[in-house]
Amino acid sequence: MQIREAAAEDWPRIWPFWHRIVAAGETYTWDRDTSEEAARSLWMNPAKQVYVVEDETGAIVASAFVTPNYGGPAAGIANAGFMVDPDLAGRGIGRALAGHVVEAARGAGYRGMVFNAVVETNPAVKLWLSLGFEILGTVPEAFDHPRHGRVGLHVMYRAL
Ligand SMILES: CC(C)(COP(=O)(O)OP(=O)(O)OC[C@H]1O[C@@H](n2cnc3c(N)ncnc32)[C@H](O)[C@@H]1OP(=O)(O)O)[C@@H](O)C(=O)NCCC(=O)NCCS
């Protein structure tokens, strides 16, 4: 498994799992029917540092981004997003990628990292807590989950 910075040509191999994750409507606050073009603008945005994980066959199995969460005097606080191919979830890829991204963000000079909208039913909450993030607060009943109904969105933070 190799974690590297993404190139524009990687997008067609990110899109299948990106689409599957967003269309499921359980973890991200993007429209479930986001088009490929809109998705590419969101994820491969020039303001973002984008990473991919390649397995030993060269297949792209996960991606992440880091970007300033705010502007101006608060641009030293990062935001990040993570997606692992659902067929390969639960095998440690997300934990490895998150560790890499946190280190890269620290190396780039960010002083902290914020997740603005972590769905409270997402198993990822446990992963973020184990990596030193804390829940600063929860926007109640903000997210219409297809299986759990209206659930909260956590704002999560850690210093870098
Ligand atoms: C969240 C996500 C990035 C985690 O990546 P992953 O490769 O599946 O996670 P890992 O195998 O590294 O698991 C890390 C930990 O997360 C937890 N976890 C993650 N996904 C889980 C799942 N589907 N079910 C149960 N636990 C899960 C486990 O506690 C695990 O702990 P462990 O390392 O002590 O076993 C990935 O599942 C994903 O892309 N999900 C959909 C998109 C998403 O939710 N992104 C994050 C938005 S905040």
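First, a word on what this report is: a plain description of the structure on this page. Being a predicted model, the structure only gives us computed values, none of them experimental.

Examining the overall build of the protein
Thought 1: A tally of regular secondary structure across the protein gives 4 helices and 7 strands.
Thought 2: In sequence order, the secondary structure elements of the protein are arranged as β-α-α-β-β-β-α-β-α-β-β.
Thought 3: The C-alpha atoms of the protein give 15 Å as radius of gyration, which agrees with the globular expectation for 160 residues (15 Å, within 12%).
Thought 4: For the protein, the spread of C-alpha atoms along the three principal axes comes to 40 × 40 × 30 Å.

Focus: the site of the ligand
Thought 1: Close to the ligand lie 19 residues; Thr27, Gly94, Arg95, Pro123 and Leu127 are nearest.
Thought 2: Of all the elements in the fold, those that place two or more residues in the shell around the ligand are strand E4 (77–84), helix H3 (93–107), strand E5 (112–119) and helix H4 (124–130).
Thought 3: Here the residues of the shell around the ligand sort into 11 nonpolar, 5 polar and 3 charged.

Quick look at the sheet that holds E5
Thought 1: One open sheet accounts for 7 strands, arranged E1-E2-E3-E4-E5-E7-E6; its pairing is mixed. Here the strands that pair on one side only, and so sit at the sheet edges, are strand E1 (2–5) and strand E6 (134–145). Sheet twist, expressed as the average angle between the axes of neighbouring strands with direction ignored, equals 25 degrees.
Thought 2: Where E4 meets E5, 3 bridges bridge the pair, whose relative direction is parallel. By the bridge assignment for E5, Ala78 is matched with Met113.
Thought 3: Docked against the sheet, H3 engages E1, strand E2 (49–54), strand E3 (60–68), E4 and E5, running at close to 30 degrees with respect to E3.

Examining the nonpolar core
Thought 1: Ranked by internal contacts, the top residues of the largest apolar core, which has 28 residues, are Ala80, Leu97, Val101 and Ala105.
Thought 2: At the level of elements, helix H1 (11–24), E2, E3, E4 and H3 are the ones that each hand at least two residues to this core.
Thought 3: For this core, the leading source of residues is E3, giving 6 residues.
Thought 4: Residues in contact with Leu97, not counting those within four places in the same chain, are Ile3, Tyr51, Val53, Ala62, Ala64 and Phe82.
Thought 5: Counting 8 residues, the second-largest nonpolar core is a separate cluster that includes Val118, Trp128, Phe143 and Met156.

Notes on unusual backbone geometry
Thought 1: You will see that Glu141, though not glycine, has its phi angle at about 50 degrees, which is positive.
Thought 2: With respect to the helices and strands, Glu141 occurs in strand E6.
Thought 3: Taking the C-beta count within 10 Å as the criterion, Glu141 has 12 such neighbours and is therefore assigned exposed.

Considerations on H1
Thought 1: With 14 residues, H1 ought to run about 20 Å at 1.5 Å a step, and its terminal C-alpha atoms sit 20 Å apart, in line with that.
Thought 2: Within H1, the axis deviates most sharply at Phe17, by approximately 25 degrees.
Thought 3: Taken residue by residue, H1 has Ile14, Phe17, Trp18 and Val22 as its buried positions.
Thought 4: In this structure, the buried residues of H1 make contact with helix H2 (36–43), E2, E3 and E4.
Thought 5: Once H1 finishes, Gly25 follows within two positions and takes phi at roughly 70 degrees, a positive value.

About the thresholds
Residues numbered from 1 in each chain as written. Predicted model: local features only at pLDDT ≥ 70, side-chain atom pairs only at ≥ 80, totals over all residues. Helix = DSSP H or I, 4+ residues; strand = E, 2+ residues; numbered from the N terminus. Rg over C-alpha atoms; globule rule 2.2 N^0.38 Å. Near = placed C-beta within 6 Å. Nonpolar A, V, L, I, M, F, W, Y, C, P; charged D, E, K, R; others polar. Pairing = 2+ DSSP bridges. Axes fitted to C-alpha atoms, helices over the stretch in contact; angles between N-to-C directions. Contact = placed C-beta atoms within 7 Å. Core = buried A, V, L, I, M, F, W, Y, C linked by C-beta atoms within 7 Å. Buried ≥ 20, exposed ≤ 12 C-beta atoms within 10 Å, placed from the backbone. Expected span 1.5 Å × (residues − 1). Bend = angle between axes of the 7 residues up to and from the residue.

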